[in-house]
Each structure stands twice: as C-alpha cells, then as structure tokens.
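Chain by chain, the residues:
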Amino acid sequence: MREVVEGRRMAALLFGLALCIAALSAGGAVVLPDFTGLVKKHGPAVVNISTTQKVKQTPIPGMEIPELENLPEDHPFGELFRRFFGEGDIQEFESESLGSGFIISDDGFVLTNYHVIEDAAEILVRLSDRRVLKAELVGHDARSDLALLRVKASGLPVVRVGDSVRLEVGEWVLAIGSPFGFDQSVTAGIVSAKGRALPRENYVPFIQTDVAINPGNSGGPLFNLDGEVVGINSQIYSRTGGYMGVSFAIPIEVAMDVVEQLKSSGRVQRGWLGVMIQEVTRDLAESFGMDKPQGALVARIFPASPAEEGGIEVGDVVLEFNNTAVFTSSGLPPIVGQTRVGQEVPVKVLRDGKAKYLTVRVGELPDDGVTLAQQVQPERNRLGVSVAELDSDAREMAQVDHGVQITGVAENGPAALVGIQSGDIVLMIDGKKVTNTSEFAKLVKALPAGKSIPVLVHRGTGAEFLALRIPK
C-alpha cells in the first residue's frame, strides 16, 4: 500500500512539473523575435548611397630631397612626389564615400544623413535589385544632419513610417544598411534610451540603441518589430572609430518634419527662445528651494528675444514648455526647436520659489550661429573675495548694465572652492541684483549660513549660476 501511495505522489509530482513546463512554453518563456519576414518585406526599400567629392590638395612647399630631384619622368615615385611635395598649382582629386538611405515615396524621394552626401559632386543610389540611379539633392538641413534626395524612377518600394514617441526602452529594433559597403546588412538590438542630447546637436532628441552601427550605416533606417521606420541611424559613440555598443538614431518625427519643410519651402524653420541655460544641480536645487533637481535654469537672455518679450527672467527655472514637462536642461532645446514659429505657447517657470505661468511667442532660430538654448556647464565655487566697481569699458565689453567685478579670490574661501575667479562679474546674489560694491557687501553680510545660495556670474561671453554654500 505504501508503495502505491509513493507511486501516486511521484506521478502527481511529474504531472505538476509537466504542467509548469507547458505553462512556461506557452507564455512564460522568453522567445527571441524572428526578423526574416521584416527584412524580406521592407529590405528592398533600403538603398546604398555612394558619392564622389572633388578634393583640393596643395603641394607642400619647401620639401627639398636631393636624392629625388632628378628622378626620370617614368619613375614610379616621380608622380607621387611631384603631387605632394612639388611646386605648382593646387591639385584637384576625386574621393569617394559610402552611406545608406531609404525610399520614402514610390516616385523617388530618398532620405539619408547630410554628412553622407555633403560636398558631393555626384550622388549615386544603388537599389536592392542592383540598379544604380543618379540622384539630385532636393535640400538638406545641416543642423539635424538630414538630406532629401530624388531619383528619376517610379513604382519603387517604400518604407512604412512609424512613431518613435511610442517606442519604449528595451524594445527590439533592427537596422538595415551598408556598413563598409556591404549592402543590405542586417543588425538588431534594443532601445537603450530616448531623448539623448549630444554635443552641438542639442535640438535632436536622439534614440540610443545597442544595434551594431558602423561606417556606411549612416542614413539607414531603424525599424521596430512592426516593420515601421522609427529612426535614422546617424552616429556612434566610439573610442576606436568602430562600433562599441552605443549608437544613435534621429527620431522619424524630426526627419519627416524636415522632409515636409524641404519639399514645401526648400528650407527648415526652427523655434527659438533666445536663452542660455544650464543644468539644475543638487546644490542649485537646494538654493532655489526645490525638492529635487529638475528643469532648465536660465542663465542669460538675448536682447529682443522671445524670452525677453515673454517675461522670462534670468534665474527662472523652466519646468514646462508648451505643456510638455522639462526634466533636464537638455530636454528644453528639442521642444523649442520643434515648436512652430510664431506660435504662442504657455511656459511654466519657478521664480522666487513659486510657480509662474507665462505666454511666449516662439521666434525663428537665426542662421547666424546663435543657438536656441546653449548649454552652460555649471562649475563649483566659494566666497571670500574682493570686488571693484565696473568701469564703462568692462560694462561695454560684457554687455551688462550692473554688477561688480571680482579682483581677488581667497585661496580657501567659499568662492574659490566653487570656481569663482578674478575677472568674473557678479550680477546677482540669492536672487537680488548687485548694483555696486556697497550693495554687494550688504547682500553678502545678510546671507544665511549653512545654505546653498545661487550666485549669477558673468565670465567670457556668457552668464552662469553657481551654487555657493555659505559656511556656518
């Protein structure tokens, strides 16, 4: 009888184990995606782009090599040394580059990166069926690194445009391109992050992935599992020049907005606020009475800018722009840049510890190199300084109408610890304007001990807030 009971227990255990395995197989197990159908269906819309550029080479003067002066004309090294070390006019040579792109309309419009075709004398588009078509440049936008091409053809395969806003971190994505000239190469990975800001490109909220991207992939599409293009593979982070697991793609919404503007007007307009901003550090957040660091701190406002006309002030922390939350300073430029020029938008700022709501009419980003929201990297500092009145020359050079100039910094004083230097101009302390040296002395004397105080300092060509902790 005991043997029967033990047998039943063993049978029940095995049956339960089988049920668990079946359950895992049905829904609990992780199943890797199959990309074969996606590649077959959408791969034909991905193209290889090759260009030729005219490169000018100036011979290096003053290179005298006696042993090579009398080389015969047919000597194999003769032309080499005449080209690079000889005298004469500027030489012109052809160089080639490779990249990727994808067809967005069946009548021949092709999207790629601007750096793929920059300064190209000739652009050739090779289709998946091996046809090679000459392309014309419809227009480009250097700021977003996008270019729109067109080939003379019809009935072409096209990609399906998706929505990167719904893309989630951890989601599978796939790239098709021509790394090192190998056409129709497929690589896959996941979304590592969204909304990344890169140096000199702070108005594009890049999608970061771990998809293998290499030279030649630039301009190619980034697909989601539904076969929709959600981004354009554009850059990699690398210390070697090759793929190291960090790749960046331009969101498809940014690209298609550029495409529509290039088609309609031949140029791209971007929203402009006219401020210089910096990150809100933990110390600055404390000095402003904030529970945690967030938003974009306004360190400077350009004269006659939308920000000035809308009532934004130096020292404001922008928390929302056009009903979109601003979590970090790098989050503000893309929001402003994608706002329609002339549109009136609500702006929520933190001023004197309280929320304030403003309305700003967005301007157009100038073409003279002024950025819509330059990032100012915060520095650390301390107090214990000597100051002097600003003379007229210093005011004019700095383009300020108030403040005092730092003439000396104590080696172990609070100001020195956080980077205040001789020559800096102190414009505000703890939210109060500094008009002269006597006012500066009164403000410093009244500062509360043991707390971080925001100090606005002008140096070089810009202004910057520093969090100064007053010792007890």
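Residues numbered from 1 in each chain as written. Predicted model: local features only at pLDDT ≥ 70, side-chain atom pairs only at ≥ 80, totals over all residues. Heavy atoms only, no water.

*Asks:* What exactly am I supposed to notice about the pattern of salt bridges here?
*Replies:* Pairing of side chains with opposite charge becomes possible as their charged atoms draw close. Per the stated rule, a full pass over the model turns up twelve salt bridges. Here arginine 351 ties to glutamate 313 by a salt bridge, and the two come within 3.5 Å at their closest N and O atoms. Here arginine 351 is found in strand β19 (residues 344-351), whereas its partner glutamate 313 is found in the loop between α7 (306-309) and β17 (317-321), with 38 residues between them in sequence. Arginine 351 sits in the buried class, given a relative accessible area of 15%. For arginine 351, the salt bridge identified is with aspartate 316, shortest N-O distance 2.7 Å. In this pair, arginine 351 is assigned in strand β19 and aspartate 316 in the loop between α7 and β17, connecting sequence segments 35 residues apart. Like aspartate 316, arginine 351 is buried. (Salt bridge = Lys/Arg side-chain N within 4 Å of Asp/Glu carboxyl O. Helix = DSSP H or I, 4+ residues; strand = E, 2+ residues; numbered from the N terminus. Buried < 20%, exposed > 50% of the residue type's maximum accessible area, 1.4 Å probe, protein only.)

*Asks:* For this particular structure, what's the right way to read the side chain of arginine 270?
*Replies:* Secondary-structure assignment places arginine 270 in the loop between α5 (252-265) and β14 (271-272). Only 2.4 Å separates the side chain of arginine 270 from the side chain of aspartate 141, close enough to count as a polar contact. Among all residues touching arginine 270, those that are not within four sequence positions of it are Asp141, Arg143, Ser144, Tyr203, Val258, Gly337, Val341, Gly363, Glu364 and Leu365. (Polar contact = N/O pair within 3.5 Å; in protein donor to acceptor, adjacent residues only side chain to side chain. Contact = heavy atoms within 4.5 Å.)

*Asks:* What is the right way to read the pairing of strand β15 (residues 275-279) from this model?
*Replies:* The buried fraction of β15 is high, at four of five residues. Sheet topology note: the β15/strand β16 (residues 296-301) ladder contains five bridges and is antiparallel. By the bridge assignment, methionine 276 is partnered in β16 with arginine 300. (Pairing = 2+ DSSP bridges.)

*Asks:* For this particular structure, what's the right way to read empty space enclosed by the protein?
*Replies:* Rolled over the atoms, a probe as big as a water molecule pinpoints where empty space is left. Enumeration according to the criterion identifies two cavities of 30 Å³ or more in this entry. Taken as a whole, the largest cavity holds about 50 Å³ of empty space. Along the walls of the largest cavity sit Val46, Val47, Asn48, Arg126, Leu127, Ser128, Ser178, Asp183 and Gln184, which together make up its complete lining. Looking at the lining of the largest cavity element by element, the count peaks at three residues for strand β1 (residues 46-57). A class-by-class count of the residues in the lining of the largest cavity yields three nonpolar, four polar and two charged. (1 Å grid on protein atoms, 1.4 Å probe; cavity = no way out; pocket = protein on both sides within 12 Å on 5 of 7 lines; lining within 4 Å. Points joined across faces, edges and corners; volume = space filled by probe spheres on them. Nonpolar A, V, L, I, M, F, W, Y, C, P; charged D, E, K, R; others polar.)

*Asks:* Would you mind showing me how to read the packing of aromatic side chains here?
*Replies:* Geometry of an aromatic ring pair is reported as the spacing of the ring centres plus the angle between the planes. Counted according to the given criterion, the structure contains four aromatic pairs. Across the ring face of phenylalanine 109, the terminal group of lysine 263 is positioned such that the distance to the ring centre comes to 4.3 Å. (Phe/Tyr/Trp six-rings, centres within 6.5 Å; stacked < 30°, edge-to-face > 60°. Lys NZ or Arg CZ within 6 Å of the ring centre and 35° of its normal.)

*Asks:* Honestly, a nonpolar patch on the surface in this entry has me stumped. Any pointers?
*Replies:* A cluster of nonpolar side chains, contributed by Leu32, Trp172 and Leu225, occupies part of the molecular surface with about 300 Å² of accessible area. With respect to the helices and strands, the residue tryptophan 172 is situated in strand β8 (residues 172-177). Take tryptophan 172: its relative accessible area is 30%, and that puts it in the partly exposed class. (Patch = residues over 30% accessible without salt bridge, like charges linked within 9 Å, V, L, I, M, F, W, Y side chains within 5 Å. Areas by Shrake-Rupley, 256 points an atom, 1.4 Å probe, with all protein chains shown as cover.)

*Asks:* Teacher, can you tell me more about the environment of valine 211 here?
*Replies:* Mapped onto the fold, valine 211 is located in the loop between β10 (201-209) and β11 (221-223). Along the chain, valine 211 and valine 186 lie 25 residues apart, while their C-alpha atoms are 9.7 Å from each other. Aside from chain neighbours lying at most four places away, what touches valine 211 is Val173, Ala175, Thr187, Ala188, Gly189, Leu222, Tyr243 and Ser247.

*Asks:* Teacher, can you tell me more about the layout of surface pockets here?
*Replies:* Considering only enclosed or pocket space, the largest pocket measures out at about 800 Å³ in volume. In terms of lining residues, the largest pocket is bounded by 32 residues, among which Glu313, Val314, His402, Met428 and Leu456 are the most central. When contributions to the lining of the largest pocket are tallied by element, the ones reaching two or more residues are β16, β19, β25 (425-429), β27 (452-459) and β28 (462-469). Across the lining of the largest pocket, the residue classes break down as 16 nonpolar, seven polar and nine charged. Volume-wise, the second largest pocket comes out at about 650 Å³. Contributing to the lining of the second largest pocket are 25 residues, with Gly195, Pro205, Pro334, Ile335 and Gln338 lying nearest its centre. Of all elements in the fold, only β9 (185-198), β10, α5, β18 (324-325) and α8 (332-337) reach the threshold of two or more residues within the lining of the second largest pocket. Of the residues forming the lining of the second largest pocket, the biggest block, four residues, is contributed by β9. Each residue belonging to the lining of the second largest pocket can be placed in one class, and the counts come to 13 nonpolar, nine polar and three charged.

*Asks:* Any chance you could explain the nonpolar core here in plain terms?
*Replies:* Ranked by size, the top nonpolar core spans 30 residues in total, and within it Phe102, Ile104, Leu111, Val159, Phe223, Ile232 and Ile250 carry the most contacts. The set of elements that each furnish at least two residues to this core consists of β3 (109-113), β6 (146-151), β8, β10, β12 (228-236), β13 (247-251) and α5. Sort the elements by how many residues they give to this core and α5 lands first, with seven residues. Those residues in contact with isoleucine 232 that sit more than four places away from it in its chain are Phe102, Leu111, Asn113, Leu146, Gly219, Gly220, Phe248, Ala249, Ile250 and Ala255. Judged by nonpolar contacts, the second largest core, of 21 residues, contains Val280, Leu297, Leu390 and Met428. (Core = buried A, V, L, I, M, F, W, Y, C linked by side-chain atoms within 4.5 Å.)

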